[in-house]
Amino acid sequence: MHSMSRRPVLALVAAATLLGGAGSALAQSKLKVAAIYTVPVEQQWVSRIDKALKAAAARGEIEYVFSENVANADYERVMRQYAEGGHALIVGESFAVEAAARKVAKDYPKVAFLMGSSGKPQAPNFSVFDNYIQEPAYLTGMIAAGVSKSGKIGMVGGYPIPEVNRLMNAFIAGAREVNPKAEFSISFINSWFDPPKAKEAAFAMIDKGADVMYAERFGVSDAAKERKVLAVGNVINTQSTYPDTVVASALWNMEPTIEVALRKVKAGQFSAEDYGAYSTMKHKGSELAPLGTFEAKVPAELKAKVKAKEKAILDGSFVVKVDDSAPKAR
């Protein structure tokens, strides 16, 4: 197995040696990168990884291929195919398939693996990342509480796992800063991609008086739009689709993470590391989306408060707590 695992890297080195000079630089700069997604590529979380990799491909840095809707049972097989196929870097989300993904990485020590994971890095070649976007989530919570008239906020998530919990808890903390009496309804649809189910869960909360919805999943903003209440986006900015509904969004930018990983692979310095920090606002890995269509509708006093908090986060004088425990309705 180990001789098989060396083949992709040896092939790259051989090509570089044969070409020599400028050709060598070219051969080394065009890395083969593969991504494995367990959901459709348009699903908001993986769409951010895809966007960053497509940007690198557009710059001519990499050759990029991906597989989407990969069943958990097929994940290991697809990983092995890419590792055997000469891909120098394999990116994916291994939350439900940790054991299988880590086993494959052990079998291909010369291939770099960068996986969405709540686990730790695994030497020598299994690095982890996550969407640590709790900072802009806190800011969107402040906005949500500031624009809510009923003081009731609904929150619909995929699964109560750390990656979701920390964003919801940060959002709640931000909302509480603006309105300590805010009330929260919370539900999980136990799916990463089921817009109709998320929509139904949102309807139930709106029926009970929620006038701002936290849209951790697709489908929630549709419910908010139909019932003419507001929504707060997560990971991507959907305001162009919901111009009268999505008041604010916490954006995840995967580009800093991908750029660091590519640089290390090219330099032969990729090792087992936690890339989580590259998702923070300091590294431009996350941000509060522009208010856009709501710029004039959000009260100036609230905007000033949010701006001041954003500045405090960036200069380190305020730290948004990372709370991975399941959020509770309160």
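In what follows, the structure referred to is the one given above.
Residues numbered from 1 in each chain as written. Predicted model: local features only at pLDDT ≥ 70, side-chain atom pairs only at ≥ 80, totals over all residues. Heavy atoms only, no water.

Caption draft 1: Geometry of unusual backbone geometry. Alanine 123 connects to proline 124 through a cis peptide bond whose omega is 5°. Tracing the chain through its elements places proline 124 in the loop between strand S4 (112–116) and strand S5 (126–129). With phi around 55°, asparagine 69 is a residue other than glycine that occupies positive phi space. Its identity is not glycine, yet lysine 284 carries a phi of approximately 65°, on the positive side. Assignment of secondary structure puts lysine 284 in the loop between helix H10 (255–266) and strand S11 (286–288). Relative accessible area serves as the criterion here: at 66%, lysine 284 is assigned to the exposed category. (Helix = DSSP H or I, 4+ residues; strand = E, 2+ residues; numbered from the N terminus. Buried < 20%, exposed > 50% of the residue type's maximum accessible area, 1.4 Å probe, protein only.)

Caption draft 2: Summary view of the packing of helix H4 (residues 72–84) against helix H5 (residues 98–107). Their axes nearest at 9 Å, the elements H4 and H5 cross at an angle of 25°. Taken together, the axes of H4 and H5 lie roughly parallel to each other. Classified by chirality, the crossing of H5 by H4 is right-handed. In contact with Glu76, Met79 and Arg80 of H4, H5 contributes Ala100, Ala101, Lys103, Val104 and Asp107. Grouping the amino acids of the contact of H4 with H5 by side-chain chemistry returns 4 nonpolar, no polar and 4 charged. (Axes fitted to C-alpha atoms, helices over the stretch in contact; angles between N-to-C directions. Parallel < 35°, antiparallel > 145°, perpendicular 65-115°, else oblique. Left-handed = near helix turned anticlockwise from the far one by under 90°. Contact = heavy atoms within 4.5 Å. Nonpolar A, V, L, I, M, F, W, Y, C, P; charged D, E, K, R; others polar.)

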